[in-house]
Amino acid sequence: MEKKSFPWGRTFLIGFGFLGISVLWPIFNQWLPLILQAGNPEFERQLLEQGKELPNLWGFALAPSLAMFIMTWDNLINIFVQPWVGARSDRTWTRLGRRKNWILLGLPIALVGFISIPLAQSVLAIAVFILITNFGMALFRSPVIAWLGDLFKPEERSRANGVINLMGGIGGVLAFVGGGVIFNKFGRSGPFIAGAIALTAAMIVVMLFVKEHQYEHTETDKNESVMGLIPNLKAVFASKDKSALFMLLSIFFWFCGFNAVETGLSSFAVFSLGIKPGTASILASIANLSFIAFAVPAGLLAVKMGKRKTIIFGLAALIPVFLISKFLVTGMTTFIIAMILVGFFWSWVNVNSLPLVYDHGDEKRIGAFTGLYYFASQSAAVIGPSLAGIIVEKLGYNYSILFLYGALFLFLAFLTMLKVKDKAHEEKVNGLIKETITE
């Protein structure tokens, strides 16, 4: 039987959805911590002692612990809304498909909140606009990502996720580089307005050109998909095979570490290294460029080596990179080198994590397992940065400590990943062995 070629065109079209989503978060993580902390007298004192310029940015002068905590408020919504929406979208049967309805519902809400963030004149106002933005995003993020499970076979998902993450990386680069340039020219509202336009354009592409499968479904299928977050978690804990449980724990641990570093990266560059805000944003894009370069190879590597093993090797390399960065990243050159290495090895982990979750899930409930993935990652996005902000503040307002913090959680993720099986790769190897014996 002729082997069907991989659907590259469809994969790139679906990738526009992730590109749009990935434009918003770098802007969010880059500029919000700076706006919240700019003007803090302790950061200004340290910069002046080092003979460095103060950032040309007006802010609310908050301490790191409160700023990082505020950065996690949005994720509290995501913890509960995204798993529910993911499971709900499994049974949203309309002429548009299962997932597109949620884009139409959530996109306008997200845009209103996002554009309003830089206009806020108080911390309370920013908090409200953050919540509005993330409620809207939570309504369509899981459904958009669930297309990876809907439209690709298990053996295609790592390769497809490599392409989709490549598109997401492009979105990140546009956000960091474009955001930095636009900030320098138009001020702090510029990156947010440009990000909203890019998100809208990307979602128009997926609405027009992504074609969902028309499933044959029954009332039984619908009822089985009603399971919410708690029942889905109970099912994972009750399963005899604990691979799904350890996979979710791994996701939680590595995002606790990585999100803390990512959220504090702009603060480290501006308040510790004395890099100008616009320049810091552009430099942060280097990690995304590195990620883009290796996203597709990371998916192809998993096809050959297995998703589990690829993730483990990525974690094993990231841990020393983070440890060394704590002591050697002291200026622009070493910052750039660290970003290249982080982007390279993070692609090994991030590209293959969701496909491996699907391998341990139910093909009829792709949205539900997408929701569980986001439950683990968004829980980490609340706990990780909040705890990191407290540690930074207690240890002398030194953001370089985040690299040690990140390395610790990546090590915990490494340990739990050792408990995960790679079903798809094992079945592939066993199939090849049987074919060889038969021949």
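Preceding this paragraph is the structure being described.
Calculation rules
Throughout, a residue's number is its position along its own chain's written sequence, starting from 1. Thresholds applied to this predicted model are a pLDDT of at least 70 for local features of residues and 80 or more for the giving and counting of side-chain atom pairs; totals over whole chains, interfaces and linings are not thresholded and use all residues. Side-chain calculation: all heavy atoms of the structure are included, whereas hydrogens and water are not. Secondary structure follows DSSP: runs of H or I at least 4 residues long count as helices, runs of E at least 2 residues long count as strands, and numbering of each begins at the N terminus. We take the radius of gyration over the C-alpha atoms and set the globule estimate at 2.2 Å times the residue count to the 0.38 power. The buried label goes to any residue with under 20% of its type's maximum accessible area, the exposed label to any with over 50%, and the partly exposed label to all in between, with areas taken from a 1.4 Å probe on protein chains only. Two residues form a contact once any of their heavy atoms are found within 4.5 Å. All accessible-area figures derive from a Shrake-Rupley calculation using a 1.4 Å probe, and residue coverage is judged against the displayed protein chains alone. All tallies of charge rest on Lys and Arg as positive and Asp and Glu as negative; His and the ends of each chain are not included. All charge positions are set by atom: Lys at NZ, Arg at CZ, Asp at CG, Glu at CD. Only residues above 30% relative accessible area that lack a salt bridge enter a patch, with like-charged residues linked at up to 9 Å and the nonpolar side chains Val, Leu, Ile, Met, Phe, Trp and Tyr linked at up to 5 Å. Salt bridges are identified by distance alone: a Lys or Arg side-chain nitrogen within 4 Å of an Asp or Glu carboxyl oxygen. Each helix should span, by expectation, one fewer than its residue count multiplied by 1.5 Å. To obtain the bend at a residue, axes are fitted to the seven residues ending there and to the seven starting there, and the angle between these axes is taken. Only Phe, Tyr and Trp rings are paired, with Trp represented by its six-membered ring, and only when their centres lie within 6.5 Å; those with planes under 30 degrees apart are stacked, over 60 edge-to-face, the remainder tilted. When the NZ atom of lysine or the CZ atom of arginine is within 6 Å of a ring's centre and also within 35 degrees of its normal, the charge is said to sit over that ring.

K.L.:
Any chance you could break down the overall build of the chain for me, citing the residues and the numbers?
P.N.:
Tallying secondary structure elements over the chain gives 17 helices and zero strands in all. Against the globule reference of 22 Å for 439 residues, the chain gives a C-alpha radius of gyration of 21 Å, in line with a compact fold. Relative to its full complement of 439 residues, the chain shows a buried share of 59%. Residue pairs in contact within the chain that sit at least 24 positions apart in sequence constitute 85% of those at least 6 positions apart. Here the chain has roughly 18100 Å² of accessible surface; of this, 68% comes from carbon and sulfur atoms. One finds the centroid of the 36 positive side-chain charges in the chain at a distance of 1 Å from the centroid of its 26 negative side-chain charges.

K.L.:
Give me a nonpolar patch on the surface: which residues, what numbers.
P.N.:
Together, Leu-323, Ile-324, Phe-327 and Leu-328 make up an exposed nonpolar region whose accessible area comes to about 410 Å². Classification of Phe-327 by relative accessible area gives exposed; the value is 58%.

K.L.:
Quick one: what's the story with the pattern of salt bridges, residue by residue and with numbers?
P.N.:
If you walk through the whole model with that rule in mind, you get six salt bridges. Across the pair Arg-98 and Asp-150 runs a salt bridge whose closest N-O atoms are separated by 3.1 Å. Taken together, the residues Arg-98 in the loop between helix H4 (73-89) and helix H5 (100-116) and Asp-150 in helix H6 (residues 123-150) connect sequence positions 52 residues apart. Of the charged contacts, one joins Arg-99 and Asp-150 as a salt bridge, the two residues approaching to 2.7 Å between their closest N and O atoms. Of this pair, Arg-99 sits in the loop between H4 and H5 while Asp-150 sits in helix H6, and the two are 51 residues apart along the sequence. When its relative accessible area of 9% is taken as the criterion, Asp-150 is described as buried. Within the structure, one salt-bridge network assembled from shared partners comprises Asp-90, Arg-98, Arg-99 and Asp-150.

K.L.:
If you had to explain helix H1 (residues 8-37) to someone new, which residues and values would you point to?
P.N.:
Taking 1.5 Å of rise per residue, the 30 residues of H1 would be expected to cover 44 Å, and the 44 Å separating its terminal C-alpha atoms lies within 8% of that figure. Roughly 25° is the biggest bend found in H1, and it falls at Phe-16. Burial of H1 is extensive: 24 of the 30 residues sit out of reach of the surface. In the stretch just after H1, Gly-39 is the one whose phi turns positive, near 95°.

K.L.:
Describe the packing of aromatic side chains, and please don't skip the residues or the numbers.
P.N.:
Scanning all chains against the criterion turns up 23 aromatic pairs. Measuring from ring centre to ring centre gives 4.6 Å for Phe-6 and Trp-8, while their planes differ by 65°; the resulting arrangement is edge-to-face. For Trp-8, a relative accessible area of 38% translates into the label partly exposed. Joined through ring pairs, the aromatic side chains of Trp-254, Phe-255, Phe-258, Trp-346, Tyr-373 and Tyr-374 make up one cluster. Sitting over the face of the ring of Phe-152, Arg-10 holds its NZ or CZ atom 5.1 Å from the ring centroid. Above the ring of Phe-6, the side-chain terminus of Arg-159 is found at 5.0 Å from the ring centroid.

So, to be careful, I would describe these as geometric facts and stop short of saying anything about function.
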